[in-house]
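Here's the letter readout for the chains.
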Amino acid sequence: MSEPTSTPRLTVTVGPVAHGGHCVARHDGRVIFVRHAIPGETVEIALTEHDADAKFWRADVTRVVEGSPDRVSHFWPEADALRAGARGASPIGGAEFGHISRPGQLKLKTDVVREQLERLGGVPTERLNELFAAGVEDVDSSGTQAQQAGLGWRTRVGFAVTPSGKLGMHAHRSHTVLPISEMPLALPAVDELRLWELDFTGIDRVEVAAPANGSGVLVLLAPAHGLSEKAAGHAVNRIARALAALETPPSVARWNPENSAIEVVSGRGWVKETTADHEFRVTGDGFWQIHRNAPKVLTDAALGFLLEGGYLNDGADVADLYAGAGLFTAPLADAVGSDGSVLSVEGSPGTSRDARKNLHASEQVEILQGRVEKILGTQSRASQSAAGQRRRFDAVVLDPPRAGAGKVVVRALVATQPQAIAYVSCDPAAFARDVKYFANAGWRLAKVRAFDLYPHTHHVETVALLVPAAAIAS
Ligand SMILES: C[S@@+](CC[C@H](N)C(=O)[O-])C[C@H]1O[C@@H](n2cnc3c(N)ncnc32)[C@H](O)[C@@H]1O
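Residues numbered from 1 in each chain as written. Predicted model: local features only at pLDDT ≥ 70, side-chain atom pairs only at ≥ 80, totals over all residues. Heavy atoms only, no water.

Identification of the protein as Class I SAM-dependent RNA methyltransferase from Arthrobacter glacialis is taken from an unreviewed UniProt entry.

Below is the structure:
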């Protein structure tokens, strides 16, 4: 990515928001994806990617000529495009909607979910008006003032390190790491570590897991590539010693992001997460929902759809696919009772081991480690009934990673003939594409909700109920 000062500047009037955190503008017939703008604004932009033969260009706003009523001062100077642009620099990524009022952010995210479902999902406008009248829902309205402002929600944060050893974050679509001196989107427990005051020379990446329940924080340190074993150990131990001097020292572990391996230096290599009814151990970089309210919001929404529809009865046979450490598996096991059964499938070996520990007391739960596409497609015990026929599920929770479930999984899942699927998604485009695959297999979107679980960023989480079309017709 080139720096804004070295690039041409243009003045454009900005069109609609698009998936991915930018708005669409046109100049001499060419599409420009503009970050840090709001639809309807007239802005001066610096082109950050502008190859003459490219299909579209990319740009950052550097000055607002005519602003939207939704424009506010950015709460985080290091992520503020206008401030960075004035210095001829780039802002850090990670708060690309911070210049928009919270109601304005909800409206833009609603527009994106609608557009993706209409265009990629093939859901007719009238049907969406009916299904998605509530738009994207705020999950912070009952918090503290800072929480209502969309701050202090991240329980997981990843940092990079500048060439001079300072804690930093990447500029958007760039290898450049810019130093930071606060992380207002994270829980206060992350700020209290004062990581920006430490020397991270010899470290490449830093990950922090700070559970919303206030229990022990875990800091993972990935040594820089090519460092000798001795130098890597030295760098990790130096930082661990500095952190040990804090009033509430975190656990510290050396971490290899390539295989998720961790080596505990002090404390323990896992954090304790809790929901109202369950406790979960999550090891190292294992998956846990990021927003402090996400576990409740998502389990209430997904299980709510299944319970309201009568799909989760005592004795039911259900599946939790892409199950992580068992966030949905645990309440599913409660719902189907000891006469029911829950197949819980997770691909990552470490996270699956956590799920096994977290669910060991629930005899109705079968934990399988492996890829969903493989497990659904094989004739393993998990995909067969006792009589040797393809196993059928009464209901399924499907929570794939950002890329979505994809055609192969959708086909295999439909073949298990569940009565309903609760689909949890963090990417509206992948979700909409999967909705289309389900539609092609004779299924329909019966309900959909969306939540602003990533304030000040363009990300949004959706929860949907999918059922066979015949079930809606009857
Ligand atoms: C969005 S997370 C959801 C986890 C869990 N449902 C939760 O809410 O905590 C997706 C999970 O799918 C796992 N995963 C990714 N690809 C997979 C695959 N092909 N098969 C099985 N699990 C996979 C990841 O390790 C991750 O734990």
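What follows is about the overall build of the protein. When you go through the protein residue by residue, the secondary structure sums to 13 helices and 23 strands. A compact globule built from 474 residues would reach a C-alpha radius of gyration of about 23 Å, and the protein, at 23 Å, matches this within 12%. By its C-alpha atoms, the protein is 70 × 55 × 45 Å across when sized along the principal axes. Residues counted as buried form 55% of the 474 residues belonging to the protein. (Helix = DSSP H or I, 4+ residues; strand = E, 2+ residues; numbered from the N terminus. Rg over C-alpha atoms; globule rule 2.2 N^0.38 Å. Buried < 20%, exposed > 50% of the residue type's maximum accessible area, 1.4 Å probe, protein only.)

In this section: the nonpolar core. Counting 81 residues, the largest nonpolar core has Phe159, Leu195, Phe200 and Val206 as the members making the most contacts within it. Broken down by element, this core gets its largest block of residues, eight residues, from helix α7 (residues 294-308). Two domains share this core, each providing at least three of its residues, namely domain 2 (156-273) and domain 3 (291-473). In contact with Phe159, other than residues within four places in its own chain, are Leu167, Gly168, Met169, Ile180, Met183, Val190, Leu195, Asp204, Arg205, Val206 and Val208. (Core = buried A, V, L, I, M, F, W, Y, C linked by side-chain atoms within 4.5 Å. Domains from an automatic or database assignment. Contact = heavy atoms within 4.5 Å.)

Along the chain, Ser251 falls in strand β13 (residues 251-256). Polar side-chain contacts of Ser251 include one of 3.0 Å to the backbone nitrogen of Arg268. Those residues in contact with Ser251 that lie beyond four places of it in its chain are Val217, Leu218, Val219, Ser266, Gly267 and Arg268. (Polar contact = N/O pair within 3.5 Å; in protein donor to acceptor, adjacent residues only side chain to side chain.)

On to the site of the ligand, then. The local shell around the ligand holds 17 residues, among which Gln289, Glu346, Gly347, Val372 and Asp399 are the closest. Interatomic distance of 2.9 Å between a backbone N/O atom of Gly347 and a nitrogen atom of the ligand. Within the side chain of Asp399, an N or O atom sits 2.9 Å from a nitrogen atom of the ligand. If the ligand stood free it would expose 600 Å²; the protein chains cover 87% of that surface. (Near = heavy atom within 4 Å. Areas by Shrake-Rupley, 256 points an atom, 1.4 Å probe, with all protein chains shown as cover.)

On to the packing of helix α11 (residues 406-415) against helix α12 (residues 428-440), then. One way to put it is that α11 packs onto α12 with a least axis distance of 10 Å and a crossing angle of 40 degrees. One finds that α11 runs oblique with respect to α12. For the pair α11 and α12, the crossing hand works out as right-handed. For the pair α11 and α12, contact is made by Gly406, Lys407, Val410, Leu413 and Val414 and by Arg433, Asp434, Tyr437 and Phe438, respectively. Looking at the contact of α11 with α12, its residues break down into five nonpolar, one polar and three charged. (Axes fitted to C-alpha atoms, helices over the stretch in contact; angles between N-to-C directions. Parallel < 35°, antiparallel > 145°, perpendicular 65-115°, else oblique. Left-handed = near helix turned anticlockwise from the far one by under 90°. Nonpolar A, V, L, I, M, F, W, Y, C, P; charged D, E, K, R; others polar.)

It is worth spelling out the pairing of strand β6 (residues 56-66) at this point. Of the strand pairs in this sheet, strand β4 (residues 30-35) and β6 are connected by five bridges, and their pairing is parallel. Each residue of the ladder has a partner; that of Val34, found in β6, is Ala59. As paired elements, strand β5 (residues 42-49) and β6 share seven bridges and run antiparallel to each other. If you follow Glu49 over to β6, its bridge partner there is Arg58. A loop of six residues connects β5 with β6, the two strands running antiparallel in sequence. (Pairing = 2+ DSSP bridges.)

For the rest of this paragraph, the subject is the packing of helix α2 (residues 102-119) against α12. Axis angle and axis distance: for two packed helices, these are the angle between their axes and the distance between the axes, and together they describe the pair. Contact pair α2 / α12: the axes reach a minimum separation of 8 Å and the direction vectors enclose 30 degrees. Considering the angle they form, α2 stands roughly parallel to α12. Seen along the crossing, α2 lies across α12 with a hand that is right-handed. Counted together, Val112, Val113, Gln116 and Leu117 of α2 and Pro428, Ala429, Phe431, Ala432 and Val435 of α12 form the full contact between these two elements. Tallied by class, the residues present in the contact of α2 with α12 amount to eight nonpolar, one polar and no charged.

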